[in-house]
Amino acid sequence: MSGLLDGRVAVVTGAGRGIGRATAVLLAGHGARVVCADIDGEALKGTVELLDGLGTAVATDLTEPAAPAEVVARTVDEHGQLDIVVNNAGYTWDGIFHKMSDEQLSAMLDIHLVVPFRLLRAAAPVLREAAKRDAAEGREIFRKVVNVTSIAGTMGNVGQANYAAAKSALVGLTKTLAKEWGPLKINVNAVAFGFVETRLTADADEGGAFAHGDRRIPLGIPGAVRERAAAGIPLGRPATPAEAAGGIFLLCTPWSNFVHGQVLTVAGGQAEGMS
Ligand SMILES: NC(=O)c1ccc[n+]([C@@H]2O[C@H](COP(=O)([O-])OP(=O)(O)OC[C@H]3O[C@@H](n4cnc5c(N)ncnc54)[C@H](O)[C@@H]3O)[C@@H](O)[C@H]2O)c1
């Protein structure tokens, strides 16, 4: 059976669960081979089992300085090419601004800005060489970068000054690379999610946490805030991870070849905040 993404090779970060896993499933379901990177090796195994032999797991803490380049090297070693990069790995470390620590700020900048920066810088020679080869041989093939941001980054969100600043910085990176890489036919776009049902947005009372080094960072949001947030969505409920992945997938297919340097809001119409 032929798929829309047959012959394509993708890297998806944070593919162990949530939106990243759903994205890997969708990309592989349309024929792409998918290199799945996540800090959580056990969760990654579960993802790769869903990919019908098209997935590879790379268990790594992407905030380690060498890790993003290792993911790219592994992809090229195994598949000889790289066509799609989805920068999705992330978490939240919320707090009210006047009590926010330097560590909270730098952790968010690390995972949401520095990691995508390093991954794309490592991917640059691979993407650029392929584009130059295509041009020399008279082919026009579009490659794809999708950076996952948030409406917290585009509209602000109480308790998320660190996260919003980092996600907003990722928009600046997206738009700049769109200008630099447009001539190479590398589409660079971002997706800004609103409320998606994952462990990041689960009820805080469920006790979810992100383990990073010695730290255990509590995840989730208070039940009352969850209810208010859902009520503010014109579609009436949060997105499923699969619905969120749909927004990323659109930007990975040939049907978005002329969509470039954009931030696609996938939020069920939610428009609270300052745009
Ligand atoms: N859930 C939402 O409502 C929402 C809204 C806006 C944006 N987002 C963004 O979507 C992306 C995916 O989030 P999700 O909701 O699916 O969360 P999730 O917790 O379900 O999945 C995120 C994955 O990223 C991985 N990860 C985090 N830090 C890592 C690191 N240092 N190295 C390797 N892997 C790491 C985690 O292990 C996890 O498997 C994030 O960037 C998040 O900020 C989510």
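Residues numbered from 1 in each chain as written. Predicted model: local features only at pLDDT ≥ 70, side-chain atom pairs only at ≥ 80, totals over all residues. Heavy atoms only, no water.

Quick notes on the pattern of salt bridges
Working step 1: Going through the model one piece at a time under the given rule, you end up with 12 salt bridges.
Working step 2: The residue Asp83 makes a salt bridge to Arg8 at a minimum N-O spacing of 3.7 Å. On the criterion of sequence distance, the pair formed by Asp83 in the loop between helix 3 (67-79) and strand 4 (84-87) and Arg8 in the segment before strand 1 (9-13) is long-range, its members being 75 residues apart.
Working step 3: Here Arg143 ties to Asp83 by a salt bridge, and the two come within 3.3 Å at their closest N and O atoms. (Salt bridge = Lys/Arg side-chain N within 4 Å of Asp/Glu carboxyl O. Helix = DSSP H or I, 4+ residues; strand = E, 2+ residues; numbered from the N terminus.)

Regarding helix 3
Working step 1: Here helix 3 is 13 residues long and its end C-alpha atoms lie 18 Å apart, about the 18 Å a rise of 1.5 Å per residue gives.
Working step 2: Those residues of helix 3 that are buried lie in contact with strand 1, strand 2 (33-38), strand 3 (55-59) and helix 4 (102-136).
Working step 3: Gly80 occupies a position one or two residues after helix 3 and carries a positive phi of about 75 degrees. (Expected span 1.5 Å × (residues − 1). Contact = heavy atoms within 4.5 Å.)

Considerations on the site of the ligand
Working step 1: The ligand sits among 30 residues. The nearest are Arg17, Asp38, Asn88, Tyr163 and Thr198.
Working step 2: Between Ile19 and the ligand, the recorded distance is 2.8 Å, taken from a backbone N or O atom to an oxygen atom.
Working step 3: One of the backbone N or O atoms of Gly194 is found 3.2 Å from an oxygen atom in the ligand.
Working step 4: Mapped onto the shell around the ligand, the elements with two or more residues apiece are helix 1 (18-29), helix 4, strand 5 (143-150) and helix 6 (161-181).
Working step 5: For the shell around the ligand, the element with the highest residue contribution is strand 5, accounting for 3 residues.
Working step 6: In terms of residue class, the shell around the ligand is made up of 13 nonpolar, 12 polar and 5 charged. (Near = heavy atom within 4 Å. Polar contact = N/O pair within 3.5 Å; in protein donor to acceptor, adjacent residues only side chain to side chain. Nonpolar A, V, L, I, M, F, W, Y, C, P; charged D, E, K, R; others polar.)

Considering the environment of Asn162
Working step 1: Locating Asn162 in the fold gives a position in helix 6.
Working step 2: Given a relative accessible area of 0%, Asn162 falls into the buried group.
Working step 3: Here the alpha-carbon distance between Asn162 and Leu109, two residues 53 residues apart in the chain, equals 7.5 Å.
Working step 4: Leave out the neighbours within four places in its chain, and Asn162 touches Trp93, Met100, Gln104, Leu105 and Met108. (Buried < 20%, exposed > 50% of the residue type's maximum accessible area, 1.4 Å probe, protein only.)

Structural notes on the UniProt feature "domain: Ketoreductase" (unreviewed entry) in the chain
Working step 1: Feature annotation in UniProt places "domain: Ketoreductase" (unreviewed entry) on residues 8-184, given in this structure's numbering.
Working step 2: Measuring from the first to the last C-alpha atom of residues 8-184 gives 17 Å, for a span that is 54% helix and 16% strand. (UniProt positions renumbered as here; feature names shortened; annotations may be inferred.)

Here's the deal with unusual backbone geometry
The bulk of non-glycine residues show a negative phi, and the bulk of peptide bonds are trans.
Working step 1: The phi torsion at Asp52 lies on the positive side, around 50 degrees, for a residue other than glycine.
Working step 2: Turning to its location among the elements, Asp52 is positioned in the loop between helix 2 (41-49) and strand 3.
Working step 3: Of note, the phi angle at Lys185 is positive, near 60 degrees, even though the residue is not glycine.
Working step 4: Looking at the secondary structure, you find Lys185 in the loop between helix 6 and strand 6 (186-193).

A closer look at the packing of helix 1 against helix 8 (residues 241-250)
Working step 1: Across the interface, helix 1 lies against helix 8 with an axial gap of 8 Å and an inter-helix angle of 60 degrees. For the element pair helix 1 / helix 8, the angle class is oblique. The two elements helix 1 and helix 8 cross, and the hand of that crossing is right-handed. Contacts from Gly18, Ile19, Ala22, Thr23, Leu26 and Leu27 in helix 1 reach Pro241, Ala242, Ala244, Ala245, Gly246, Ile248 and Phe249 in helix 8.
Working step 2: Partitioning the contact of helix 1 with helix 8 into residue classes produces 10 nonpolar, 3 polar and no charged. (Axes fitted to C-alpha atoms, helices over the stretch in contact; angles between N-to-C directions. Parallel < 35°, antiparallel > 145°, perpendicular 65-115°, else oblique. Left-handed = near helix turned anticlockwise from the far one by under 90°.)

What about the side chain of Ser150?
Working step 1: Relative to the assigned elements, Ser150 resides in strand 5.
Working step 2: At 2.8 Å, the side chain of Ser150 and the backbone nitrogen of Ala152 are in polar contact.
Working step 3: Discounting chain neighbours no more than four positions away, the residues touching Ser150 are Tyr163, Lys167, Val191, Ala192 and Phe193.

A closer look at the sheet that holds strand 3
Working step 1: As summarised here, the arrangement of the 7 strands in space is 3-2-1-4-5-6-9, forming an open sheet in which the pairing is parallel. Of all the strands in the sheet, just strand 3 and strand 9 (263-266) have a single pairing partner and so form its edges. Taken pair by pair, the neighbouring strands of this sheet meet at an average axis angle of 20 degrees, ignoring direction.
Working step 2: Note: strand 2 against strand 3, 5 bridges, orientation parallel. Looking at strand 3, one finds that Ala37 is bridged to Val58.
Working step 3: Of the strands in this sheet, strand 2 and strand 3 touch helix 2, which is tilted by about 175 degrees from strand 3.
Working step 4: The strands touched by helix 6 within the sheet are strand 5, strand 6 and strand 9, with strand 5 carrying the most contacts at an inclination of about 160 degrees. (Pairing = 2+ DSSP bridges.)

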